Amino acid sequence: MRKFCVYPSPVGELTLVADESALFAVHFDNESFCADGLTEGSNEIIDLAKKWLDEYFAGRVPSFTPPYRFEGSPFRVAVWEEIAAIPYGKTTTYGEIAKKVAAKFGKPKMSAQAVGGATGSNRIPIIVPCHRVMGADGSLTGFSAGLDKKKILLGIEGITYKDRRR
């Protein structure tokens, strides 16, 4: 049975969704969220996710990763797997992810814009760190929860970036 729990954080309330085996979603407070079929409460996976978030928001590299499960097309899952591999305090670009995903699928190239779309549909942000994906020139680019939240997350990790919007 999937459960949900609200977690207060420096980027607003986060709603964690998990069953007994994996985390499925982390929703920001500005996202629409449907709790139909879910029970409010906690379980071992939600408790692990909260512990991970506690470590992360304390400015420490979390010592573990809670179990999570991607739900999406093979392309999106491949993009999210690449995002999950971005180390704490580091960034990459949509283009770099596109090259890696193209290689996985045996294609000569792949669209960075398609990668951007898949990145924007990551259902497990922060833990699967889509905030670490930047524009081709290293600049701050879109984030489904808003650039203000992306800036906070990057700041926690000590990541500097180009802000074209200043």
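Residues numbered from 1 in each chain as written. Predicted model: local features only at pLDDT ≥ 70, side-chain atom pairs only at ≥ 80, totals over all residues. Heavy atoms only, no water.

**Q** Report on the overall build of the chain, specifying residues and quantitative values.
**A** Looking only at helices and strands, the chain features 5 helices and 6 strands. Traced from its N-terminal end to its C-terminal end, the chain shows the element sequence β-β-β-β-α-α-β-α-α-β-α. What you see for the chain is a C-alpha radius of gyration of 16 Å, in line with the 15 Å of a compact globule of 166 residues. Its C-alpha atoms give the chain principal-axis dimensions of about 45 × 35 × 30 Å. For the chain, the proportion of its 166 residues judged to be buried stands at 46%. A sequence separation of at least 24 residues applies to 57% of the contacts in the chain between residues at least 6 apart. For the chain, the accessible surface area stands at approximately 8200 Å², while carbon and sulfur atoms represent 51% of it. Distance between charge centres in the chain, computed from 22 positive and 19 negative side chains, equals 9 Å. (Helix = DSSP H or I, 4+ residues; strand = E, 2+ residues; numbered from the N terminus. Rg over C-alpha atoms; globule rule 2.2 N^0.38 Å. Buried < 20%, exposed > 50% of the residue type's maximum accessible area, 1.4 Å probe, protein only. Contact = heavy atoms within 4.5 Å. Areas by Shrake-Rupley, 256 points an atom, 1.4 Å probe, with all protein chains shown as cover. Lys, Arg positive; Asp, Glu negative; His and termini not counted. Charge placed at Lys NZ, Arg CZ, Asp CG, Glu CD.)

**Q** With reference to specific residues and values, describe the nonpolar core.
**A** Formed by 45 residues in total, the largest nonpolar core has its most connected members in Leu14, Leu23, Phe57, Ile83 and Ile126. It is helix H1 (residues 44-57) that contributes the most residues to this core, 7 residues altogether. Setting aside residues up to four positions removed in sequence, Leu23 forms contacts with Leu16, Val17, Ala18, Ile45, Ala49, Pro67, Tyr68, Arg69, Ile124 and Ile127. (Core = buried A, V, L, I, M, F, W, Y, C linked by side-chain atoms within 4.5 Å.)

**Q** Could you give an account of the pattern of salt bridges, naming the residues involved and the relevant values?
**A** A complete count under the given rule lists 8 salt bridges for this structure. Salt-bridge contacts for Asp47 lead to Lys50; the nearest nitrogen and oxygen are separated by 3.9 Å. Here the residue Asp47 and the residue Lys50 both occupy positions in helix H1, the gap between them amounting to 3 residues, near one helical turn. For Arg132, the salt bridge goes to Glu157, with nearest N and O atoms at 2.8 Å. One end of the pair, Arg132, is in the loop between helix H4 (112-120) and strand S6 (133-134); the other, Glu157, is in the segment after helix H5 (147-156), and 25 residues separate them in sequence. Residue class for Arg132 comes out buried when judged on its relative accessible area of 5%. (Salt bridge = Lys/Arg side-chain N within 4 Å of Asp/Glu carboxyl O.)

**Q** Give me the lowdown on the pairing of strand S1 (residues 3-7), citing residues and values where you can.
**A** The sheet contact formed by S1 and strand S2 (residues 14-18) spans 5 bridges and is antiparallel. Residue pairing for S2: Lys3 is matched across the bridge by Ala18. Hairpin connection of S1 to S2: 6 residues between the antiparallel strands, including Gly12 at a positive phi of 100 degrees. Bridge count for S1 against strand S4 (residues 39-40) is 2 bridges, and the pairing is parallel. Paired with Phe4 across the two strands is Glu40, which belongs to S4. (Pairing = 2+ DSSP bridges.)

**Q** Explain unusual backbone geometry to me, and be specific about the residues and the numbers.
**A** Positive phi is not limited to glycine here, since Ile126 has a value of about 75 degrees. Structurally, the position occupied by Ile126 is in the loop between H4 and S6.

**Q** Before we move on, can you summarise the packing of helix H3 (residues 94-104) against H4 with the specific residues and values?
**A** At a minimum axis distance of 8 Å, the contact between H3 and H4 shows a crossing angle of 100 degrees. Here H4 runs roughly perpendicular to H3, going by the angle between their axes. Here Tyr94, Gly95, Ile97 and Ala98 of H3 come into contact with H4, specifically with Ala112, Val115, Gly116 and Thr119. For the contact of H3 with H4, the residue count by class is 5 nonpolar, 3 polar and no charged. (Axes fitted to C-alpha atoms, helices over the stretch in contact; angles between N-to-C directions. Parallel < 35°, antiparallel > 145°, perpendicular 65-115°, else oblique. Nonpolar A, V, L, I, M, F, W, Y, C, P; charged D, E, K, R; others polar.)

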